[in-house]
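# Geometric and topological summary
Residues per chain, in single letters:
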Amino acid sequence: MKVDPGDLHAFVAVARAKGFRSGARKSGTSASAYSEAVRRLETQLGVRLLNRTTRSVVPTEAGQSLLARLGPVLAEMEAALDVVNVYRERPAGTLRLNVPVSASRLVLADIVPGFLAAYPDIQLEIFSEESFVDVIAAGCDAGIRYEERLEQDMIAVPIGPRTQRFAAAAAPAYLERCGRPKHPRDLLNHACLRMRFSSGSMPPWEFEREGEKLRVDPTGPLIVQAGGGTDLAVDAAIAGSGIVFLFEDWLRPHLQSGALVPVLKSWWVSFSGPFLYYPGRRLVPAPLRAFIDFVKADGEQR
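Description of the structure in this document. (Residues numbered from 1 in each chain as written. Predicted model: local features only at pLDDT ≥ 70, side-chain atom pairs only at ≥ 80, totals over all residues. Heavy atoms only, no water.)

## What to know about the packing of helix 8 (residues 230-238) against helix 9 (residues 248-257)
Packed helices, taken two at a time, are described by their axes: the angle between them and the distance between them. Remark: helix 8 packs on helix 9, axes separated minimally by 12 Å, with the N-to-C direction vectors making an angle of 30°. With respect to their mutual orientation, helix 8 and helix 9 come out roughly parallel. As helix 8 packs across helix 9, the resulting crossing turns out to be right-handed. Facing helix 8, whose interface residues are Thr230, Asp231, Val234 and Ile238, helix 9 presents Trp250, Leu251 and His254. The class makeup of the residues in the contact of helix 8 with helix 9 is four nonpolar, two polar and one charged. (Axes fitted to C-alpha atoms, helices over the stretch in contact; angles between N-to-C directions. Helix = DSSP H or I, 4+ residues; strand = E, 2+ residues; numbered from the N terminus. Parallel < 35°, antiparallel > 145°, perpendicular 65-115°, else oblique. Left-handed = near helix turned anticlockwise from the far one by under 90°. Contact = heavy atoms within 4.5 Å. Nonpolar A, V, L, I, M, F, W, Y, C, P; charged D, E, K, R; others polar.)

## A closer look at the nonpolar core
One recurring pattern in soluble globular proteins is that nonpolar side chains are buried together. By size, the foremost hydrophobic cluster in this structure holds 35 residues, and its most contacted members are Leu187, Phe207, Ile243, Val244 and Leu251. Tallying contributions element by element places strand 12 (residues 243-247) first for this core, with five residues. With sequence-adjacent residues up to four places away left out, Phe207 is seen in contact with Pro184, Leu187, Glu212, Lys213, Leu214, Val216, Phe245, Leu264, Trp267 and Val269. The next biggest cluster of nonpolar side chains, apart from the first, holds 22 residues, and it includes Leu124, Ala142, Leu276 and Ala290. (Core = buried A, V, L, I, M, F, W, Y, C linked by side-chain atoms within 4.5 Å. Buried < 20%, exposed > 50% of the residue type's maximum accessible area, 1.4 Å probe, protein only.)

## Thoughts on the packing of aromatic side chains
For the structure on display, the rule yields 11 aromatic pairs. Among the aromatic residues, ring-to-ring pairing joins Tyr146, Phe166, Trp205, Phe207, Phe245, Phe247 and Phe271 into one connected group. Looking at Arg162, its charged tip hangs above the ring of Phe275, at a distance of 4.9 Å from the centre. (Phe/Tyr/Trp six-rings, centres within 6.5 Å; stacked < 30°, edge-to-face > 60°. Lys NZ or Arg CZ within 6 Å of the ring centre and 35° of its normal.)

## Considering the sheet that holds strand 5 (residues 142-145)
The five strands lie next to each other as 4-3-5-15-6, forming an open sheet whose pairing is mixed. The two strands at the open ends of the sheet, each matched to only one other strand, are strand 4 (122-128) and strand 6 (154-158). Strand-to-strand twist across the sheet, computed as the mean angle between neighbouring axes with direction ignored, equals 25°. Of the strand pairs in this sheet, strand 6 and strand 15 (residues 275-279) are connected by five bridges, and their pairing is antiparallel. Bridge pairing in strand 15 links Met154 to Pro279. Contacts from helix 10 (residues 286-301) reach strand 3 (93-99), strand 4, strand 5, strand 6 and strand 15 within the one sheet, and its direction differs from that of strand 3 by about 60°. (Pairing = 2+ DSSP bridges.)

If you want it as C-alpha cells, here you go:
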C-alpha cells in the first residue's frame, strides 16, 4: 500500500498536538489541509485513527499504535535529511526539547536567549511538562531529566547548575501564628502545601542532616499540580496559608525579599543538577549538535 508521506506527517502532527488547528499551526499549514490529509489516510488504511469531538482530538487504539511506530521513523528521516546542514554556514532548522517545568524556568531561562542570539536560523520549540515521556515518540530531539531518571541508552550532557537543593519556606505571618518547626517530623502538625504529579504520585518531602535521612508525608489545605500549579502554591505560602517545599532557586527571590523565610534549613537536601539527554543510536541533527556545543561551553564558563 502506497501512502502519501505528507498524510503521515499530518496525522503525527495532529495526534501530538491533540488538535487540527494547533497541529497545523505548529507546521505552518492550514487546519483544513490537515483534516483532509488525515481523512485521506484513514480512507486508505480503512480504519479510524482519531476520535474527534468539538473539544478534543484523541488517537484511537489503532492511531496510538501507528503514532508509536511512526514517531521514531519520522525522526530518523528528519535526522538523515539534516546531514546537509553541515554544508551550511550556520545550522538551521527546528530543535524540539521536552523538559520539566522546573528546568524550563530554572535552567533554560539562562541559556536560551544566548543560544537564540548565536544561532538565529534555529527555531527552538520547548515542551514543558512533568510527566516522563519517550522523547523520540513524542517528536522531540532531546530532553532534560535528572540522573536517577535517565534511561541507560541515552547520552547525557550536564546542563545548568550542578548542585541544587529543595527548600522549605513559609511566610513570617504563618510562623508567628503557628510556630516554627524544629524537626522535619514537626511538619506533620503544620499546614503544608503539596504538589501532585500528573501520574497521581505525591512525593514525600525529603530531609537530611548529619547522616540522618527522613521522609515526611505531611498534609495541608492545598494540593496543586506540579509544574503548572507551582506558582499558586508559592503565592499561597506568601499569603500565609502554609509551608511550601520546592527548589531553592525557585523560592530564592521570595527568600531574598523576606516574603518567605527558610524553614528547617539545616535539613535541606542537596542533589546533582539536571542533564540534557538524547538517543545515542541516531544521527545528531545540526540544531541539536549546536545546542549541545553551546551547553558544554556554558558549563565550562560556570
